[in-house]
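# A look at the structure
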Amino acid sequence: MSSTEQRVAVVTGAARGIGAATAVRLAAEGRAVAVIDLDEAACKDTVETITKAGGKAIAVGCDVADEAQVEAAVARIAEELGAPTILVNNAGVLRDNLLFKMSALDWDTVMNVHLRGAFLMTKACQKHMVDAGFGRVVNLSSSSALGNRGQANYSAAKAGLQGFTKTLAKELGKFGITANAVAPGFIVTEMTKATAERVGMGFEDFQNAAASMIPVQRVGNPDDIANTIAFFTGEAAGFVSGQVLYVAGGPLD
Ligand SMILES: NC(=O)c1ccc[n+]([C@@H]2O[C@H](COP(=O)([O-])OP(=O)(O)OC[C@H]3O[C@@H](n4cnc5c(N)ncnc54)[C@H](O)[C@@H]3O)[C@@H](O)[C@H]2O)c1
């Protein structure tokens, strides 16, 4: 890469929440960013925030669990922005329920978005990374990977992403590619808001209850995670690979 060339970063699920904050942060670091989400129109705000700040971004509609859509999206990104060599697998959904009430569809939906989605996106982007002799993959795990009531599907997917990350690090390291996972604790987004609604609590009370259990005595915000992802995707982080970093305001039991 010449010093004037911009690296291209792909962030999935970047219409809002952690993905949007990450896309904005990576653009501020000088990356050209492909903002992927299910609905291309929903990516508009993130793209506008980046371009208004002088950065470069495009909106890409894509269901990360759909192989044909992923291949088309990555081909379009390579064509319009250049070879994608930074990938943040952030797209996610919840289908929480106690095991005895969880449907097979709830299980499959969560596995498909988190695990199949990360697999398809990484497979499509890795050939560009291998050609470039440089790559950074960051997968969004979760503190729920350690087990969480009502999340048999989600905790299994988030633990699965940790194994996926370590395997990528082992297979792809020799091509200059690192892979790491960030495992957030409680972050204020639409996802945690929906959980508060599901358990019948006001969002503010839900956040206060969570904060009281966290050593730093506050809940996290999307920028807490974006900052960590900026480190892992940075040029200087080439010797950090196969790691899982819990970003949760304290150690987890
Ligand atoms: N918020 C938290 O406390 C928290 C904690 C740990 C881990 N995480 C993880 O961080 C990631 C982002 O979470 P968030 O809180 O910002 O969630 P969010 O619900 O606010 O945003 C998720 C985004 O992913 C998109 N998405 C869902 N399915 C998709 C698909 N098939 N293809 C493309 N895009 C899709 C959604 O449209 C949405 O814009 C998720 O992987 C989540 O599991 C979040």
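Residues numbered from 1 in each chain as written. Predicted model: local features only at pLDDT ≥ 70, side-chain atom pairs only at ≥ 80, totals over all residues. Heavy atoms only, no water.

## With respect to the pattern of salt bridges
Across all of its chains, the model carries nine salt bridges by this definition. Residues Arg76 and Glu40 are paired through a salt bridge, measuring 3.4 Å at the closest nitrogen-oxygen approach. Of this pair, Arg76 sits in helix α3 (residues 67–80) while Glu40 sits in the loop between β2 (32–37) and α2 (44–52), and the two are 36 residues apart along the sequence. The exposure class of Glu40 is partly exposed, given its relative accessible area of 39%. Via salt bridges that share partners, Arg7, Arg31 and Glu235 belong to a single interconnected network. (Salt bridge = Lys/Arg side-chain N within 4 Å of Asp/Glu carboxyl O. Helix = DSSP H or I, 4+ residues; strand = E, 2+ residues; numbered from the N terminus. Buried < 20%, exposed > 50% of the residue type's maximum accessible area, 1.4 Å probe, protein only.)

## Re the site of the ligand
Neighbouring the ligand are 28 residues, the closest being Arg16, Asp37, Asn90, Tyr154 and Thr189. Separating an oxygen atom of the ligand from a backbone N or O atom of Ile18 is a distance of 2.9 Å. Within the backbone of Cys62, a nitrogen or oxygen atom sits 3.4 Å from a nitrogen atom of the ligand. Here the ligand has 840 Å² of accessible area as a free molecule, and 94% of this is covered by the chains. If you list the elements that add at least two residues to the shell around the ligand, you get α1 (17–28), α4 (104–132), α5 (152–172) and α6 (190–198). Here the shell around the ligand gets three residues from one element, more than from any other, and that element is α6. Taken together, the residues that form the shell around the ligand break down as 13 nonpolar, 10 polar and five charged. (Near = heavy atom within 4 Å. Polar contact = N/O pair within 3.5 Å; in protein donor to acceptor, adjacent residues only side chain to side chain. Areas by Shrake-Rupley, 256 points an atom, 1.4 Å probe, with all protein chains shown as cover. Nonpolar A, V, L, I, M, F, W, Y, C, P; charged D, E, K, R; others polar.)

Geometric values such as these leave the question of function open.
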